[in-house]
Amino acid sequence: IGNDICSEIGTTLNEVHTLQKTESCLSPDEERDLETSVEYIETTLNVAAFALKSYAQIQKDDSLRAKLEKASSAVDAINHDLVSDLSQIVEGTCGKCSDIFKVVEEA
């Protein structure tokens, strides 16, 4: 992930410790776009979990109901973890590749 984030400046994981602090922060538009993307991901996963749970509630087959409820719970857990990690990356960095690498590694 980190290599994709910073590929434009040729940064690799092995080079992260040598990065200069001169890297620029995200512009307000870029920060807003990133936050909006995280919100879209969260909303999409919330809708998916709700749909699975709702469909499970109308099932007469106990086995199918249990599988749908388990899938809904899994989507909820992924949503929580993913949004938490993405939020930590967005809020915990200033858009500097070195900061992003550090937060991604900690997430």
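### So, the overall build of the protein
- Of the regular secondary structure elements, the protein holds 4 helices and 0 strands.
- Across the protein, helices and strands are ordered from the amino to the carboxyl terminus as α-α-α-α.
- Going through the 107 residues of the protein one by one, you find that 23% of them count as buried.
- The contacts of the protein with a sequence gap of at least 6 include a subset with a gap of at least 24, amounting to 61%.
- Accessible surface computed for the protein: about 7600 Å², of which carbon and sulfur atoms make up 54%.

### Points about a nonpolar patch on the surface
- There is a patch of nonpolar side chains on the surface, built from Ile-41, Ile-78 and Leu-82 and spanning about 230 Å² of accessible area.
- Looking at the secondary structure, you find Ile-41 in helix H2 (residues 28–57).
- Overall, the relative accessible area of 32% leaves Ile-41 in the partly exposed class.

### Considerations on the pattern of salt bridges
- Tallied over the entire structure, the rule returns 3 salt bridges.
- When the shortest N-O distance is used, the salt bridge between Asp-29 and Arg-32 registers 2.9 Å. One end of the pair is Asp-29 and the other is Arg-32, both in helix H2 and 3 residues apart, which spans about a single turn.
- Look at Asp-29 and you get partly exposed, because its relative accessible area is 45%.
- With a shortest N-O distance of 2.6 Å, Asp-62 and Arg-65 are connected by a salt bridge. Separated by 3 residues within a single helix, Asp-62 and Arg-65 lie in helix H3 (residues 62–92), roughly one turn from each other.
- According to the relative accessible area criterion, Asp-62 is exposed, its value standing at 54%.
- Residue classification places Arg-65 among the partly exposed residues on the basis of a relative accessible area of 24%.
- Each of Asp-29, Arg-32 and Asp-33 takes part in a single network of salt bridges with overlapping partners.

Cut-offs used in this document
- Residues numbered from 1 in each chain as written.
- Predicted model: local features only at pLDDT ≥ 70, side-chain atom pairs only at ≥ 80, totals over all residues.
- Heavy atoms only, no water.
- Helix = DSSP H or I, 4+ residues; strand = E, 2+ residues; numbered from the N terminus.
- Buried < 20%, exposed > 50% of the residue type's maximum accessible area, 1.4 Å probe, protein only.
- Contact = heavy atoms within 4.5 Å.
- Areas by Shrake-Rupley, 256 points an atom, 1.4 Å probe, with all protein chains shown as cover.
- Patch = residues over 30% accessible without salt bridge, like charges linked within 9 Å, V, L, I, M, F, W, Y side chains within 5 Å.
- Salt bridge = Lys/Arg side-chain N within 4 Å of Asp/Glu carboxyl O.

Any functional reading would require information that these geometric values do not contain.
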